[in-house]
Amino acid sequence: MGWRARSAGGVAALLLSAAPLAAGDLGQEIGRSEVRVYSAPFAPLPGLSVQDADLAGRLERQGYRRVRRKPERPGEFFWGHDVFWIYRRAHRRASGPVAAALFGLSLERSTGRITSLPEGVDARLEPELLAESLAGDRAPREPVSLDELPEHLWRAVLAAEDARFFEHSGVDARALARAMLSNLKAGKVVQGGSTITQQLIKNRDLTPKRKLGRKVSEAVRALALEAEHDKREILEAYLDSVYLGHVGGLGVYGVGAAARAWFGKPAGRLGLGESALLAAMIQGPNRLHPGRHPRAARERQRWVLSRLEELGWASAGAVAAARRAGLPRLVDRSPPAPPARQFLAWVRQTVEERAAARLEKGRGLLVETTLDPHLQAAAEQAVAAALRRLGRRTPHGAALVSLDAATGDVVAYVGGDPRDPGDRFDRARQARRQTGSAVKPLVVLEAFSDCGERAPLFASRRVRDAPLEIALPSGPWRPENPSGRFAGTVDLRRSLVESLNTPFVRVARWCGFQAVAARFAAAGLELPPAPPPAFVLGAVETTPLAMAAAFTAFGRPGRVAVPRPWSRLRRASGRGLASWRPDTRRLADRASSWLVRDLLRDAVANGTGRPAQLDGVSAWGKTGTSSGGRDGWFVGGAGGLVTAVWLGVERGAGGGLSGAADAAPLWREFMQRAVGSYPAPEPARPNGVVYRWVDEASGMLVRGERRGARREAYRRGYLPPRRKLLGGGRPLPPID
């Protein structure tokens, strides 16, 4: 039954009998002056396990309902043994509107992996709304349907703003005339004549300029809106978008969010007095702020209650009881801040940098980011748990950045304490901290790729692990191993797996500190003009975002991906503004990067990275601990993801953090939940890599498997000498 009735009689019956709206109607449309920041649309691709990716949980998070048979309407899904059916709702993306669609994902019965998608169907799910402001200054809305609201709430709003809502066609000539007469008598504007439909148009589609042309446009648009949508849709959209003040520094829009922010309860549980107060505040949410201006708020609330009684929409007894109760008790509770606060600030900055000339104040905008809200929730939970474990005695900071290794898409981003809504400093992008041994893979990459002007090295190349002194202008520098002990002679594989220090200094000196520094810079790590040699051991300050980007060279061997926080911008009207395509650059040859990844896999399997091991998935990565234990790092990857985590002491004395003991468990907790959503096969061994057997004691090649030998990977053409059949040949001397 449509809401075309022009009499007040029977309105409640119409409300109760009207069917709920489908997603994608007026309440889901984007006004011309509104901003929407969306997540990336998740793509369930072949090879993905619906259980590991928590596809059912992703759909339920979006409000989908699980049914016991093939879905019959949008917003439903069915998980069968052989097919996962989804009836995707109509929605908007930055690329344009997307129609509702029913499709089935074919499954392998034994594993639950997707084997194929329906031909010609875009199976991506709708993106999730992250925020309605690039400034991050709006509380998340809580959309509600009229079926969920008490009748006295929407009636109170109509009594205060548009009592003839069900009788006019968008513009109320009687109310306009009455308002003009009142304003003339008072000599100023004391009463408005805008209908709820006009207010909805003004709030969503028009600039705040007060001009005659805008008022005419407002009226014309209101008439058109009522011709296209029924009253229920318009009222629901208004109740979901009306501004109701600021709480905790965040703008509150919609009665759902306002009920939580002001009274600490869902809108469906509001009493008559609370409903009348919200309706009263619409006229001037700041002037009628019940906390700062209780007298004015109470007077306006009583007027709304009187209007309800006058219109016959509330009994005299109920109104009297609400008046006696006075202003409702307000809760001292700030609304939840938008998720990924620091990420949204970065999106805003890059949007302004990349599309400044195309952005106009007061014009709407749709931003499609690369964030995965499912992984973002997992990241925030993991970081919060890690900070709880560290305790509050010493102030600690944390950051986590997870990238799609192939594209650089930022799928999860935590730049501060998720438990603290006021924590806005972005440690992922702005906090420059010492990395410790987490940078050592870049030293190995230079050694394997070019090694300055010398011949490239290999994993079995022997290096001296002994006391070392390097003369510097500031005095002699004597690096030591974390254990304080020395192993004598080791090879490069063991040096990285066990994170020994003096072998790395010797290798960097052998290849040339300048060549190693150039490799760091090419990976995106900034260094001073003449860095001291200690930079090869992590005496270099950088950010978790930069470290994650640098390690994409091992996720997609040889290429560094530029981190990408968003993909498309467009106007609410549909006009495209800008796009950000994935961008990668060559850092090293594929064979050398693959060989470093092989060592990093060993570091997780057998070395300092053991606490980062994942169940059922091969992981690779490197720990890092700064001097004094003020910073703990783990950077590495699994599946199609590369993730960097950092934990650190932020101020005052203290330390004791460790990459292995603190950062690696945090990395594991997140990645164990995340990698299932981004599976990827291990990169194939490049043609330029060969396997040979090497004698571990001498570092010389031998024929076949034997005691004291291991199978090692090498770049073709860069091999150690071979031991002769009768024991001839000379090993390479250790690097000193």
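Note that the structure is a prediction, hence the values are computed from the model and not measured.

Student: Is there a simple way to think about the overall build of the chain in this case?
Tutor: When you go through the chain residue by residue, the secondary structure sums to 20 helices and 30 strands. Each principal axis of the C-alpha atoms in the chain carries an extent, and together these give about 110 × 60 × 45 Å. The buried share of the chain, reckoned over its 736 residues, is 55%. Of the contacts formed within the chain by residues at least 6 apart in sequence, a portion of 68% connects residues at least 24 apart. As presented, the chain carries roughly 31,900 Å² of accessible surface, and 49% of it is formed by carbon and sulfur atoms. Each charge class in the chain can be summarised by its mean position, and for the 111 positive and 74 negative side chains these summaries are 2 Å apart.

Student: Any chance you could explain the packing of helix α14 (residues 440-449) against helix α17 (residues 513-522) here in plain terms?
Tutor: Two measures define how a pair of helices packs: the angle their axes make with one another and the distance between the axes. At their nearest, the axes of α14 and α17 sit 9 Å apart, and the two run at 115° to each other. If you check the angle between α14 and α17, you find them roughly perpendicular. Crossing angle aside, the handedness with which α14 passes α17 is right-handed. Where α14 approaches α17, its residues L442, V443, L445, E446 and S449 are matched on the opposing element by A515, V516, R519 and F520. Considered class by class, the residues forming the contact of α14 with α17 number six nonpolar, one polar and two charged.

Student: Help me understand empty space enclosed by the protein in this model?
Tutor: Rolling a probe over the atoms, with the probe sized like a water molecule, indicates the empty space that remains. With the rule as written, the count across this model stands at three cavities of 30 Å³ or more. Taken as a whole, the largest cavity spans an internal volume of roughly 40 Å³. Forming the walls of the largest cavity are F458, S460, R461, R462, S698, G699, P720, P731 and L732. Considered class by class, the residues forming the lining of the largest cavity number four nonpolar, three polar and two charged.

Student: Looking at this model, I keep getting lost on the nonpolar core. Mind explaining?
Tutor: A general trend in soluble globular proteins is that nonpolar side chains are found buried together. M547 and L569 are the most contacted members of the largest nonpolar core, which totals 86 residues. Counting residues per element, this core draws most heavily on helix α18 (residues 544-555), at nine residues. One finds L146, V247, A258 and M281 within the second-largest nonpolar core, a separate group that totals 52 residues.

Student: Quick question: what am I supposed to make of helix α9 (residues 272-281) here?
Tutor: The element α9 is largely enclosed, with a buried count of ten among its ten residues. Residues L272, G273, E274, S275, A276, L277, L278, A279, A280 and M281 constitute the buried set of α9. On its buried side, α9 packs onto α3 (151-161), β10 (243-247), α8 (255-263), α10 (294-310) and α11 (316-325).

Student: Help me understand the state of the cysteines, please; the structure alone is not making it clear to me.
Tutor: Defined simply, a disulfide is a covalent bond joining two cysteines at their sulfur atoms. This structure, assessed with the given rule, holds one disulfide. What pairs with C451 in a disulfide is C511, and their sulfur atoms sit 2.1 Å apart. With the S-S dihedral at roughly -90°, the linkage between C451 and C511 falls on the left-handed side. Separated by 60 residues along the polypeptide, C451 in the loop between α14 and β16 (462-465) and C511 in helix α16 (residues 502-511) bring together distant segments of the chain. Given a relative accessible area of 0%, C451 falls into the buried group.

Student: Help me understand the sheet that holds strand β9 (residues 129-131), please; the structure alone is not making it clear to me.
Tutor: Pairing between the strands of a sheet comes from backbone hydrogen bonds, and it takes one of two forms, parallel or antiparallel. Spatial ordering of the open sheet is given by β9-β1-β12-β22-β23, a layout of five strands whose pairing is mixed. Among the strands making up the open sheet, the edge pair consists of β9 and β23 (576-579). Strand-to-strand, the axes of this sheet are offset by a mean angle of 25°, without reference to chain direction.

Student: What am I meant to see in the environment of V414 here?
Tutor: The topology assignment puts V414 in strand β14 (residues 410-414). On a C-alpha basis, the gap between V414 and R590 in space is 31 Å, while along the polypeptide they are 176 residues apart. Every residue in contact with V414, bar those within four places of it in the chain, is listed here: Q376, A379, E380, V383, A398, A399, L400 and A428.

Student: Can you help me understand the pattern of salt bridges in this one?
Tutor: Where charged atoms from two side chains of opposite charge come close, those side chains can pair. Counting across every chain of the model gives 48 salt bridges. Note that E76 is salt-bridged to R65, the shortest N-O span being 2.7 Å. A residue pair is termed long-range when its members are at least 10 positions apart, and E76 in strand β3 (residues 76-79) and R65 in strand β2 (residues 65-66) qualify at eleven residues. For R65, a relative accessible area of 48% corresponds to the partly exposed category. Connected through salt bridges with shared partners, the residues D491, R493, R597, D598, R601, D602, E682, E696, R710 and E712 form a single ionic network.

Student: What's the story with the sheet that holds β3 in this structure? I'm lost.
Tutor: The strand order β2-β3-β4-β7-β8 describes an open sheet built from five strands, whose pairing is mixed. Two strands close off the open sheet at either side, each with one partner strand: β2 and β8 (114-116). Examined bridge by bridge, strand β7 (residues 101-107) and β8 share two bridges and lie antiparallel to one another. Residue pairing across strands places L107 opposite I114, the latter belonging to β8.

Student: Would you take a moment to explain the confidence of the model for the chain for this structure?
Tutor: Note: predicted coordinates in regions of low pLDDT should not be interpreted at a detailed level. Scored by pLDDT, the chain has a mean of 89; 90% of the residues are at 70 or more. When the criterion is pLDDT under 50, residues 1-24 qualifies, and its contacts beyond four places in sequence or with other chains add up to 48 contacts.

Student: What is the right way to look at the pairing of strand β12 (residues 365-369) in this model?
Tutor: Where a strand is regular, its side chains alternate between the two sheet faces. With respect to burial, β12 is a largely interior element, five of its five residues being buried. Burial along β12 is two-sided: L365, V367 and T369 and L366 and E368, pointing in opposite directions, are all buried. Inspection of the sheet shows strand β1 (residues 35-38) paired to β12 by four bridges, in the parallel sense. Residue pairing in the sheet places Y38 in a bridge with E368 of β12. Here β12 pairs with strand β22 (residues 566-570) via four bridges, running antiparallel. Bridging from a neighbouring strand, E368 pairs with R568 of β22.

Student: Which parts of the structure should I look at to understand the side chain of T623?
Tutor: You can see T623 is positioned in strand β25 (residues 619-625). Within the structure, T623 has its side chain in polar contact with the side chain of K622 (distance 3.3 Å). With residues near it in sequence (within four places) discarded, T623 still touches S437, A438, T608, G609, W633, F634, G659 and A660.

Rules of the game
Residues numbered from 1 in each chain as written. Predicted model: local features only at pLDDT ≥ 70, side-chain atom pairs only at ≥ 80, totals over all residues. Heavy atoms only, no water. Helix = DSSP H or I, 4+ residues; strand = E, 2+ residues; numbered from the N terminus. Buried < 20%, exposed > 50% of the residue type's maximum accessible area, 1.4 Å probe, protein only. Contact = heavy atoms within 4.5 Å. Areas by Shrake-Rupley, 256 points an atom, 1.4 Å probe, with all protein chains shown as cover. Lys, Arg positive; Asp, Glu negative; His and termini not counted. Charge placed at Lys NZ, Arg CZ, Asp CG, Glu CD. Axes fitted to C-alpha atoms, helices over the stretch in contact; angles between N-to-C directions. Parallel < 35°, antiparallel > 145°, perpendicular 65-115°, else oblique. Left-handed = near helix turned anticlockwise from the far one by under 90°. Nonpolar A, V, L, I, M, F, W, Y, C, P; charged D, E, K, R; others polar. 1 Å grid on protein atoms, 1.4 Å probe; cavity = no way out; pocket = protein on both sides within 12 Å on 5 of 7 lines; lining within 4 Å. Points joined across faces, edges and corners; volume = space filled by probe spheres on them. Core = buried A, V, L, I, M, F, W, Y, C linked by side-chain atoms within 4.5 Å. Disulfide = S-S within 2.5 Å. Pairing = 2+ DSSP bridges. Salt bridge = Lys/Arg side-chain N within 4 Å of Asp/Glu carboxyl O. pLDDT = per-residue confidence, 0-100. Polar contact = N/O pair within 3.5 Å; in protein donor to acceptor, adjacent residues only side chain to side chain.

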